[in-house]
Amino acid sequence: MAKERFDGRMFWEKDAETMSRAKIRQLQLERLKWTINRCYNNVPYYKDMLDKAGVTPDMIKTLDDIRRLPLTTKEELRKNYPFGLFASPKEDIVEIHTSSGTTGKPIVGGYTKNDLELWGNCMARLVVAAGARREDIAQISFGYGLFTGAFGLHYALQKVGCMVVPISSGNSERQIMIMEDFGTTVLVATPSYAVYLSELAKDMGVADKLKLRLGLFGSEMCTPEMRAQIEKNIGIIVTDNYGLTELGGCGVSGECEERQGLHINEDHFYPEIIDPDTGEVLPEGEEGELVITPLSKEAFPIFRYRTKDITRLYSNPCKCGRTLIRMDKVVGRTDDMLIIKGVNVFPSQIESVIFTMPHIGPHYQLVLRKERFMDSLEVQVELIDGSLLEQYSKLEALQHRIREKLRSVLGIDCGVTLVAPRTITRFEGKAKRIVDLRNS
Ligand code: DLL
């Protein structure tokens, strides 16, 4: 059972989740001072960085003083690989996780015992807010290992008292068998793996027998259109969770049952939105790059980390009773924005089109090529019914409609190729939808 019931709703840490805005700000300031002191005194690289910026910890007197601090980026983490930015002695570190990056060295995060306890509680707040309860049987189909997702959800769901099934990702037919035999009610996965599992359950003829009711998804973008399709296919409520290895993994923010944005665990993470080009802090409600300062990390503190994720913040009250600020679903990353024929294109815009057109999806990929010094984009998407491939005029008409829709949404012309069902690669973790052939 979640710790407290409030106004008919469940909370894990009600006091923290429903604090007044003034109290939250006061707590944030205290914890910000603590964090900057820890960075300055325990991590030589940060001391150097702050000295160069002319900032000492005693200059942090109000929350707005955070703007005096320099921004940090992945570069700082890369330069200090693997443990150079840890603020606790190695013997106090009890767990390590890393980013899943396939190129170069990964980002390494360390946790003390206190960090693990806090992580579990932050995540427990989010799973309870999303609707998970003690009675649930939760199948964790995120990959266990260095990735933060599986362990973060594992610790949280176990704290809440759910029956945790740590199946990890892969071996998909077995996943469906376990789901059916154990009566799994909560599925933890990336949205793209959930789409794949839902298709497989249908193929195996068991989709109607499953007891799934809630999806705790995250770790990659899931447009509202994709969410609607997953909900239709397997009849579950889909909720979104956000976080990154650099900030301790999942547990930064997540949706409550209202699903009007992701509540940030703001007493432990201070959010700002900046203009990605100028670094200027933008007012609440404006879209830009999310910058986060964790406020309670012992082993791996960091300040003003540029996430590259694009979203906006809003603190108007949520019907759930939580006072924690919310962020919009991430619409893209500053580094996955494509520039095609001079126009900025986000993969999420393309996904929204694909999920609203009949006869296609949900699997697609975006192929980038260089043609006469200009980047071109081809959208390859699966047909739902393969027999359309033999009806040339229908196929051509459909292709034309998709192209027109993409033109009106993106403002550019791009190629559309309709391919046979089950021919585009499926993913057990985060989907890789961009195939970049520009340098090949
Ligand atoms: O993906 C942590 C996580 C695990 C979050 C499980 C939620 C659930 P990384 O592998 O370091 O950490 O990847 C972080 O993934 O900067 C975003 O670009 C993207 N991302 C994470 N969650 C979401 C989300 C985990 N809900 C990077 N929506 C981040 C969109 C997300 N993108």
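Structure: see above.
Throughout what follows, the structure given in this document is the object of discussion. (Residues numbered from 1 in each chain as written. Predicted model: local features only at pLDDT ≥ 70, side-chain atom pairs only at ≥ 80, totals over all residues. Heavy atoms only, no water.)

## Thoughts on the overall build of the protein chain
Test applied: Numbered from the N terminus, helices here are DSSP runs of H or I no shorter than four residues, and strands are runs of E no shorter than two. Atoms counted for the radius of gyration: C-alpha only. Globule rule: 2.2 Å times residue count to the power 0.38. Only protein chains enter the accessibility calculation, which uses a 1.4 Å probe; a residue is then buried when its area is under 20% of its type maximum, exposed when over 50%, and partly exposed in between. We call two residues in contact whenever any of their non-hydrogen atoms come within 4.5 Å of each other. Per-residue accessibility takes into account occlusion by the displayed protein chains alone, with areas from the Shrake-Rupley method and a 1.4 Å probe. In this tally Asp and Glu are treated as negative and Lys and Arg as positive; neither His nor the chain ends contributes. To locate a charge, take NZ of a lysine, CZ of an arginine, CG of an aspartate or CD of a glutamate.
The secondary structure content of the protein chain amounts to eleven helices and 23 strands. Relative to the 2.2 N^0.38 estimate, which gives 22 Å for 440 residues, the radius of gyration of the protein chain is 22 Å and therefore close to what a compact globule would have. In terms of overall dimensions, the protein chain has a C-alpha envelope of 70 × 55 × 40 Å along the principal axes. Expressed as a percentage of the 440 residues in the protein chain, the buried residues total 55%. Here the contacts in the protein chain between residues at least 6 apart in sequence split such that 66% fall between residues at least 24 apart. Element-wise, carbon and sulfur atoms account for 50% of the exposed surface of the protein chain, whose accessible area totals about 19,200 Å². Side chains of the protein chain carry 58 positive and 61 negative charges; the gap between the two charge centres is 1 Å.

## Concerning the environment of Pro-271
Checked against the element boundaries, Pro-271 lands in strand 12 (residues 269-274). The class of Pro-271 is buried, set by a relative accessible area of 8%. Once the C-alpha coordinates of Pro-271 and Tyr-305 are considered, the two residues, 34 residues apart in sequence, prove to be 9.5 Å apart. Ignoring sequence-local partners within four residues, the contact set of Pro-271 consists of Gln-28, Ile-264, Glu-266, Leu-290, Val-291, Ile-292, Leu-313 and Ile-325.

## Observations regarding the site of the ligand
Rule in force here: Proximity is defined per residue: any heavy atom of the residue falling within 4 Å of a molecule or strand makes that residue near it. Definition of a polar contact: a pair of N or O atoms within 3.5 Å, with one able to donate and the other able to accept a hydrogen when the atoms are protein atoms, and with sequence-neighbouring residues admitted only if both atoms are side-chain atoms.
With respect to spatial proximity, 20 residues lie near the ligand, and among them Ser-219, Asp-240, Asn-241, Thr-245 and Asp-309 are the closest. The separation between an oxygen atom of the ligand and a polar side-chain atom of Thr-245 is 2.6 Å. Within the contact set of the ligand, an oxygen atom lies 3.1 Å away from a side-chain nitrogen or oxygen of Arg-333. Its free accessible area being 600 Å², the ligand has 93% of it covered by the protein chains. Going through the elements one at a time, helix 6 (148-160) and strand 9 (237-244) are the ones with two or more residues in the shell around the ligand. A total of five residues in the shell around the ligand trace back to one element, the largest contributor, which is strand 9.

## Here's the deal with the packing of aromatic side chains
This is how it is decided: Only Phe, Tyr and Trp rings are paired, with Trp represented by its six-membered ring, and only when their centres lie within 6.5 Å; those with planes under 30 degrees apart are stacked, over 60 edge-to-face, the remainder tilted.
Counted under the stated rule, the structure contains nine aromatic pairs. Geometrically, the ring pair formed by Phe-142 and Phe-147 is edge-to-face, given 5.5 Å between the ring centres and 85° between the ring planes. Residue classification places Phe-142 among the buried positions, given a relative accessible area of 6%. Put simply, the rings of Tyr-111, Trp-119, Tyr-144, Phe-151 and Tyr-155 touch in pairs and so form one group of aromatic residues.

## Topic: the sheet that holds strand 10 (residues 249-255)
Stated precisely, the cut-off is as follows: Following DSSP output, two strands are said to pair if at least two bridges run between them. Axes here refer to lines fitted to C-alpha atoms; in helices the fit is confined to the stretch in contact. Angles between the N-to-C directions go from 0 to 180 degrees.
The strand order 6-5-7-8-9-10-11-16-15 describes an open sheet built from nine strands, whose pairing is mixed. The two strands at the open ends of the sheet, each matched to only one other strand, are strand 6 (163-165) and strand 15 (313-314). Looking at chain direction, strand 11 (residues 262-264) and strand 16 (residues 326-327) are connected through two bridges and run antiparallel. Paired with His-263 across the bridge in strand 16 is Arg-326. Those strands touched by helix 5 (residues 113-130) are strand 8 (214-218), strand 9, strand 10 and strand 11, and its axis lies near 25° from that of strand 10. Its contacts with the sheet place helix 8 (residues 191-203) against strand 7 (186-189) and strand 8, and it is angled at close to 125° to strand 7.

## Side note on the nonpolar core
Here is the rule we go by: Only buried residues count toward a nonpolar core, which is a set of Ala, Val, Leu, Ile, Met, Phe, Trp, Tyr and Cys residues joined through side-chain atoms within 4.5 Å. For the domains described, the bounds stem from an automatic or database domain assignment.
Counting residues in hydrophobic clusters, the biggest one holds 46 residues, and the most contacted among them are Ile-350, Ile-360, Leu-406 and Leu-418. A total of six residues in this core trace back to one element, the largest contributor, which is helix 8. When residues of this core are assigned to domains, at least three map to each of domain 1 (1-333) and domain 2 (338-436). The contacts of Leu-418, once residues within four sequence positions are left out, are Ile-360, Val-381, Leu-383, Leu-389, Leu-395, Leu-398, Gln-399 and Ile-402.

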